[in-house]
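Below are the chains, spelled out letter by letter.
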Amino acid sequence: MHPRRFLSVATWAFGGWLAAAPALAQSPAVLTLEQAVGEALARNERLVNQSDSIAQADLGLRLARNTFRPKVTPNIFGSFGRTDVSSQTYRVDVSQKLVTGTELRLAAGTVSAQIPGQPGGAEGDVLFYNADTTLTLTQPLLRGFGRAVARRSLTSAELRREDANRQQSMAEQQVAVDVAAAYYRVVSQQAFVEVARQSLERARRLRDASEAKLDAGLVSQLDVLRSQQLVAQAEIQFFDSQAAVEEARDRLTFLMGRTGSDRFEVEASIPRPTSDPIDLAQATTLALGNRLDLQSRMASRDDAENQIRFARNQLLPQVDVNLALTRRETAPSFRSSFGMDGYQFATFFTIAMPVDRTAQQVDYQSALLDRDRRRREVSTLERQIADDVKQAVRERDRLLRGVLSAETSVEISRREVEVAQLRYQTGLSNNLDVVTAESGLLAAEGRRIQALADSAVARLRLRALLGVFNPRADMTDSTAAVSLTSNQAQ
């Protein structure tokens, strides 16, 4: 090969590669359903807000646990450099509350005092310290007695934390189902665009053929007008399908939590529906045993029983027994204020009974009403779950029958196209019958695609309704996926 010719060919090839490189670099990535759900679980606004609720529940639990942790409070009021100043305070208080209602308190401190000397006398002012060290154990006998009463605030905080976890799981399930519905809508709408494009091309070919036959005097003006009307309808259908794709993409982008306008492609396949081997009774039992919202209602019902016991306990008089080990002496120096001698043991009772107990009685009656209301809520939700399971199972069966019917319709429409093409080739009919049959085939394909998408989403919704849906594991099940492009190309 001549060097100049070789150089020109190499330059042309390199230029073509440079021209194609931006297109290859800008080609949108293929987004799978598993990836879409993963992004939504990480960045969806609803789940982010729910994570904040969990963080708030953690803070409330931390505050409730802090009630049963040691409290140390130092209190110092002293002078700098001088030790002969009266009313100097050096004190530390330590307290510990137990979940049984018992409370331990240790107060150790000393306060400086001064006795002024006699005027004109030989002796000056006398400085001494009033030491006070007391270890007290307080045990309620009626009001405030018992683990359930003493740790009431901690139990409520733990229930709120568990409920926040359940709410997070339910939100993840709902978001995953919404993402799957939006994803399959993008898939089906893209298939509809291809259907509309092919229909538009055939309508234009029919219009051109009709105009040519009109010039030859083989058809009437009505045939031409009919073909032009068919083109106009096909164009409208094509533009509407394109707009529907963009709307479906925007919906999916919003659910995934994306803020940019990055282009992406989706897999042109939908899992083939399968009939799960579960009857209505099994499905209802499974839902009643696994639904997180029902578990939350049951936990609230049980908590109402605890609230009744707490409110009933608050109606009792306060009878506390106190055991104290105390040391109160006057010491000549700061060091001797904290000696280990001179302790005395003391026992005393605290008894209090308010005459007006209206507030406590109102709280108790409110707790009874709240318990009955929560019981009714549990019963109502159980009946609602049973009805929802019945409806979901019927919907699943209906969609399965719809998929089978749509596939049968596709086979019949394909045979109609073959017959219409054969009749057109033998001169027994015009090409309008062929286009009509092909339009029927494309419409049947569209119904099949929609039926597959609805069935796939219904399967996920049924699993979420039964409480066995795991957004992070169930999205990887891609067995028996149906390609939406293979049938269209036939």
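Residues numbered from 1 in each chain as written. Predicted model: local features only at pLDDT ≥ 70, side-chain atom pairs only at ≥ 80, totals over all residues. Heavy atoms only, no water.

S.K.: Which residues make up the packing of aromatic side chains, and what values go with them?
M.R.: Each aromatic ring pair is specified by the distance between its two centres and by the angle formed by the two planes. One pass over the structure, following the stated rule, counts two aromatic pairs. With centroids separated by 6.0 Å and ring planes inclined at 75°, the aromatic side chains of Tyr183 and Tyr184 adopt a geometry described as edge-to-face. The same class applies to Tyr183 as to Tyr184, namely buried. Taken together, a centroid distance of 6.0 Å and an interplanar angle of 55° make the contact between Phe238 and Phe239 tilted. The class for Phe238 is buried, based on a relative accessible area of 14%. The ring centre of Phe264 lies 5.3 Å from the NZ or CZ of Arg249, which sits over that ring. (Phe/Tyr/Trp six-rings, centres within 6.5 Å; stacked < 30°, edge-to-face > 60°. Buried < 20%, exposed > 50% of the residue type's maximum accessible area, 1.4 Å probe, protein only. Lys NZ or Arg CZ within 6 Å of the ring centre and 35° of its normal.)

S.K.: Describe the side chain of Asp320, with residues and values.
M.R.: Mapped onto the fold, Asp320 is located in strand β8 (residues 318-331). Here the side chain of Asp320 touches Gln318 through a polar contact of 2.9 Å, side chain to side chain. Not counting residues within four places of it along the chain, the set of residues in contact with Asp320 comprises Thr138, Gln139, Pro140, Leu141, Arg143, Phe348, Phe349 and Thr350. (Helix = DSSP H or I, 4+ residues; strand = E, 2+ residues; numbered from the N terminus. Polar contact = N/O pair within 3.5 Å; in protein donor to acceptor, adjacent residues only side chain to side chain. Contact = heavy atoms within 4.5 Å.)

S.K.: Pulling in residues and values, what's your account of the confidence of the model for the protein chain?
M.R.: The predicted model of the protein chain has a mean per-residue pLDDT of 82, with 86% of residues at 70 or higher. This model gives residues 1-25 a pLDDT under 50, and the stretch forms one contact once residues within four places in sequence are excluded. Under a pLDDT of 50 for its full length, residues 485-490 has, in the predicted model, 11 contacts with residues more than four places off or in other chains. (pLDDT = per-residue confidence, 0-100.)

S.K.: Hey, could you go over the packing of helix α3 (residues 45-66) against helix α5 (residues 152-215) for me, with residue numbers and the actual values?
M.R.: Look at α3 against α5: their axes get within 9 Å of each other, and the N-to-C directions meet at 170°. With respect to α5, the axis of α3 lies roughly antiparallel. The interaxial crossing formed by α3 with α5 has left-handed handedness. In the contact of α3 with α5, the residues fall into 10 nonpolar, eight polar and seven charged. (Axes fitted to C-alpha atoms, helices over the stretch in contact; angles between N-to-C directions. Parallel < 35°, antiparallel > 145°, perpendicular 65-115°, else oblique. Left-handed = near helix turned anticlockwise from the far one by under 90°. Nonpolar A, V, L, I, M, F, W, Y, C, P; charged D, E, K, R; others polar.)

S.K.: Can you break down the pattern of salt bridges residue by residue, with the values?
M.R.: Applying the stated criterion across every chain yields a total of 31 salt bridges. Glu265 is the partner of Arg249 in a salt bridge, and the nearest nitrogen-oxygen pair spans 3.5 Å. Of this pair, Arg249 sits in helix α6 (residues 221-256) while Glu265 sits in strand β6 (residues 264-266); the two residues are 16 residues apart in sequence, bridging distant segments of the chain. Using a relative accessible area of 5% as the deciding quantity, one classes Arg249 as buried. Residue class for Glu265 comes out partly exposed when judged on its relative accessible area of 30%. Its salt-bridge partner being Arg373, residue Asp370 comes within 2.3 Å of it at the nearest N-O pair. Here the residue Asp370 and the residue Arg373 both occupy positions in helix α9 (residues 358-425), the gap between them amounting to three residues, near one helical turn. Several salt bridges share partner residues, and in doing so they unite Arg152, Asp303, Asp370, Arg373, Arg374 and Glu377 into one network. (Salt bridge = Lys/Arg side-chain N within 4 Å of Asp/Glu carboxyl O.)

S.K.: Summarise α6; cite the residues concerned and give the values.
M.R.: The first and last C-alpha atoms of α6 sit 53 Å apart over 36 residues, in line with the 52 Å expected at 1.5 Å per residue. Where α6 ends, the next residue or the one after it, Gly257, has phi of about 85°, a positive value. (Expected span 1.5 Å × (residues − 1).)

S.K.: So what's going on with the nonpolar core? Which residues, and what values?
M.R.: Among the nonpolar cores identified, the biggest contains 36 residues, and Val179, Tyr183, Tyr184, Leu252 and Met475 are the most heavily contacted of them. When contributions to this core are tallied by element, the ones reaching two or more residues are α2 (33-43), α5, α6, β6, α9 and α10 (431-466). Take this core: its biggest share by element is 11 residues, from α5. Once residues within four sequence positions are removed from consideration, Met475 is found in contact with Leu33, Glu34, Val37, Ala176, Ala180, Leu460 and Phe469. Core analysis: the next-biggest nonpolar cluster, separate from the first, contains 12 residues, Ala287, Val389, Leu462 and Leu466 among them. (Core = buried A, V, L, I, M, F, W, Y, C linked by side-chain atoms within 4.5 Å.)

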